[in-house]
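Per-entry structural report
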Amino acid sequence: MKRVGLYGDPHSGSKVGLTPNPTNKVQEILLERHLDCVNTLGPVDILSCNGDLVDGTMAKGMSVGDDNWIAGQVDDACELIKLWNAPRVFVNMGTGYHTRGGPTNDFEAQVVNQLRAAGIEATFHTKLELEINGWFKLKARHFVRSSGIPHGRSGPGERVKFWDILENHLHGEDSAHLWVFSHVHYFQFTKNAFGAS
């Protein structure tokens, strides 16, 4: 039975992002919680990294820097992923605003290449569709819209799930058991007769 870890939006490089080398109290708390999660879950066989692994070059996330600074973000993102000790890593593309320095310079692709160089089976995706243990279907993608009202936050993810269910039904395929979205930086779990998100 394969165990799967789900991980997203660390924004390594931001002053309030996750880093293996904290420089302020927020980063210290984030790293402590990350390590608690990794240690509680124990080893996983598969790690799904759901985007925005780095903060990039934009000032929106309170980040500024040069090429060496970007290389440091990529290094930090890899070190955080390696803490999971997962032999297989799936990286989903995050928000271009953070993860791309131009049309040919995708920072998350650099993370994947660095993980491969370290002997980890890593792949890069825009949307992940994965069958686990021969039956469990996981779908993950970084971007999902949000809602300005707390009781409406599940709506955007549920809408994506609903259309996916209809599309699968039209093709005679089973729907996913779990959909994972990131981007909006809050945790919400919903479940209905069609699965969980």
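Residues numbered from 1 in each chain as written. Predicted model: local features only at pLDDT ≥ 70, side-chain atom pairs only at ≥ 80, totals over all residues. Heavy atoms only, no water.

Moving on, we come to the side chain of aspartate 55. Looking at the secondary structure, you find aspartate 55 in the loop between strand 2 (46–49) and helix 2 (67–82). Among the polar contacts listed, one links the side chain of aspartate 55 to the side chain of histidine 11, at a separation of 2.8 Å. (Helix = DSSP H or I, 4+ residues; strand = E, 2+ residues; numbered from the N terminus. Polar contact = N/O pair within 3.5 Å; in protein donor to acceptor, adjacent residues only side chain to side chain.)

What follows deals with the sheet that holds strand 4 (residues 121–125). An order of 1-2-3-4 is seen for the four strands of this open sheet, with the pairing classed as parallel. Edge positions in the sheet fall to strand 1 (4–7) and strand 4, since each of these pairs with one other strand and no more. Each strand axis lies, on average, 15 degrees off the axis of its neighbour in the sheet, ignoring direction. Pairing analysis gives four bridges linking strand 1 to strand 2, with the strands arranged parallel. (Pairing = 2+ DSSP bridges. Axes fitted to C-alpha atoms, helices over the stretch in contact; angles between N-to-C directions.)

Right, let's get into the pairing of strand 1. Residues Gly5 and Tyr7 line the buried face of strand 1, whereas the alternating positions Val4 and Leu6 sit on a face that is not buried. Each parallel crossover has a hand, and the one from strand 1 via helix 1 (residues 25–41) to strand 2 is right-handed. (Buried < 20%, exposed > 50% of the residue type's maximum accessible area, 1.4 Å probe, protein only. Right-handed = clockwise from strand over helix to strand, strands pointing away.)

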